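# A closer look at the structure
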Amino acid sequence: MPLPRFFKFMSHDMAIDLGTANTLVYVRGRGIVLNEPSVVAMETVNGIRRVKAVGDDAKLMMGKTPGTIEAIRPLRDGVIADIDIAEEMIKHFIRKVHGGKPRFVRWPEIVICVPSGSTKVERRAIRDAASNAGASQVFLIDEPMAAAIGADMPVTEPIGSMVVDIGGGTTEVAVLSLRGLAYTTSVRVGGDKMDEAIVSYVRRNHNLLIGEATAERIKQEVGCAKPPVDGIGAVIHIKGRDLVNGVPKEIQINQGQVAEALSEPVATIVEGVRVALENTAPELAADIVDQGIVLTGGGALLQGLDEVLRDETGLPVTVAEDPLTCVALGTGRALEDPMFRGVLQNG
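Residues numbered from 1 in each chain as written. Predicted model: local features only at pLDDT ≥ 70, side-chain atom pairs only at ≥ 80, totals over all residues. Heavy atoms only, no water.

It is worth spelling out the state of the cysteines at this point. One pass over the full model with this rule turns up zero disulfides. This cysteine, Cys 326, is not joined by any disulfide, and Cys 113 carries the nearest cysteine sulfur, 12 Å off. (Disulfide = S-S within 2.5 Å.)

Here's what the structure looks like:
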């Protein structure tokens, strides 16, 4: 094997879906090798902060930490809110993928997906975090483009197609054609806003305070975008703190109530799709009538969301085969396949 190719093989070049809720890492030639929550637990000892846990271990600590430990999510609304913590998280994941600190290995090339609506400052923060974490070169790719590539949409052909990627922090709506974004809009509503809406609803209607983890469980188990036929649907038991008496309490809520709680974030996503369609060129719009809309991201798994969009737009709407990994797979394919290298932005 020629020396340059040997070093390229040994470098573990990787693609990172740096998500608000989860981070996925795709390694050249190996596929997705890591999928962990984007959470870092920081411990303060004698005035000095250090990393206590990252990923799965840190997620378990959220809402349950003592005074000396703080569980932090360094990304909010799809962008880095705390660059130092984000850098530590990226370093940890790179080391984990490498199996420690390898010797005689060139630092990797890294491709990171970013929200299409992120500013130059936000993109610079992401590039700097990856560079400081040890990348030899950093490329960026727009999140909806990565999602479309991962969903096997015809992004390289002269055909208009629409992707709606609903992540933890943002919903990316884009019309794509010929390796480019013909139109894109980024709505800062995603899984996190849905969780917040559930927390607010339960507090307002049941005087019960619940945490993020409980809200996420409600969303995953009985979450729906439209009320069930009987108005009630499945029932789930939840526990929290009674705001009247201040003691722990258990109640039950049903799917109809959860649909009511989620009505505002769902309406915001629908409006984002409507705005994108209104701003799409006629020829591309004609293609979308045939191709339809593809949903990706964790939010695409919300029960009935595809039906709501179908009813509101009159267009065919499908959920990608594996919506949770679409962005990571697309970012990885852009790293590996020369056909997609043109969509990368050199950092």
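That shown, we press on.
The next point concerns the environment of Asp 56. For Asp 56, the location among the structural elements is in helix α2 (residues 56-61). Residue classification places Asp 56 among the partly exposed residues on the basis of a relative accessible area of 40%. Placed 33 residues apart in sequence, Asp 56 and Thr 23 show a C-alpha to C-alpha distance of 11 Å. (Helix = DSSP H or I, 4+ residues; strand = E, 2+ residues; numbered from the N terminus. Buried < 20%, exposed > 50% of the residue type's maximum accessible area, 1.4 Å probe, protein only.)

Before going further, it helps to examine the packing of helix α3 (residues 83-98) against helix α4 (residues 120-132). Following both chains from N to C, one finds α3 and α4 inclined at 45°, their axes separated by 8 Å at the closest point. For the element pair α3 / α4, the angle class is oblique. Remark: the crossing between α3 and α4 carries right-handed chirality. Between α3 and α4, the residues in contact are Ile 83, Glu 87, Ile 90 and Lys 91 and Ala 125, Asp 128, Ala 129, Ala 130 and Asn 132, respectively. Looking at the contact of α3 with α4 residue by residue, the class counts come to five nonpolar, one polar and three charged. (Axes fitted to C-alpha atoms, helices over the stretch in contact; angles between N-to-C directions. Parallel < 35°, antiparallel > 145°, perpendicular 65-115°, else oblique. Left-handed = near helix turned anticlockwise from the far one by under 90°. Contact = heavy atoms within 4.5 Å. Nonpolar A, V, L, I, M, F, W, Y, C, P; charged D, E, K, R; others polar.)

Turning our attention to α3. The terminal C-alpha atoms of α3, which comprises 16 residues, lie 22 Å apart, in line with the 22 Å expected from a rise of 1.5 Å per residue. Every buried residue belonging to α3 is among Ile 85, Ala 86, Glu 87, Met 89, Ile 90, Phe 93, Ile 94, Val 97 and His 98, and all of these are buried. Taking the backbone nitrogen of Asp 84 as reference, a side-chain oxygen 3.3 Å away marks Asp 82 as the first, capping residue of α3. The first or second residue beyond α3 is Gly 99, which carries a positive phi of 75°. (Expected span 1.5 Å × (residues − 1). Polar contact = N/O pair within 3.5 Å; in protein donor to acceptor, adjacent residues only side chain to side chain.)

Reading across the sheet, the three strands line up as β5-β4-β6 and stay open at both edges, with antiparallel pairing between neighbours. Two strands in the sheet have a free side with no partner beyond their single neighbour: β5 (48-54) and β6 (69-72). Within the sheet, the average angular offset between the axes of one strand and its neighbour, ignoring direction, is 30°. One ladder, built from four bridges, connects strand β4 (residues 40-45) with β6; its direction is antiparallel. Its bridge partner being in β6, Ala 41 is matched across the sheet by Ala 71. Relative to the sheet, α3 contacts β4, β5 and β6, its axis offset from that of β5 by approximately 45°. (Pairing = 2+ DSSP bridges.)

So, on to the sheet that holds strand β19 (residues 345-346). Strand pairing in a sheet is mediated by backbone hydrogen bonds. Such pairs are either parallel or antiparallel. What the six strands build is an open sheet, ordered β3-β2-β1-β9-β10-β19; its pairing is mixed. A strand with exactly one partner marks an edge of an open sheet, and here the two such strands are β3 (31-37) and β19. Packing against the sheet, α3 makes contact with β1 (14-18), β2 (22-27), β3 and β9 (109-114), and its axis sits at approximately 140° to β3.

A word on the side chain of Asp 242. Mapped onto the elements, Asp 242 comes out in strand β15 (residues 235-242). At a separation of 2.7 Å, a polar atom in the side chain of Asp 242 contacts the main-chain amide nitrogen of Val 244. In this structure the side chain of Asp 242 is engaged in a polar contact, spanning 3.3 Å, whose partner is the backbone nitrogen of Asn 245. Apart from the residues lying within four places of it in its own chain, the contact partners of Asp 242 are Asn 207, Leu 208, Val 247 and Lys 249.

Among the eleven residues of helix α12 (residues 326-336), eight are classified as buried, and the element is accordingly described as predominantly covered. Within α12, the full set of buried residues consists of Cys 326, Val 327, Ala 328, Gly 330, Thr 331, Gly 332, Ala 334 and Leu 335.

Positive phi is not limited to glycine here, since Leu 178 has a value of about 50°. Residue class for Leu 178 comes out exposed when judged on its relative accessible area of 54%. Even without being a glycine, Asn 207 presents a positive backbone phi close to 55°. Turning to its location among the elements, Asn 207 is positioned in the loop between α6 (191-206) and β14 (208-209).

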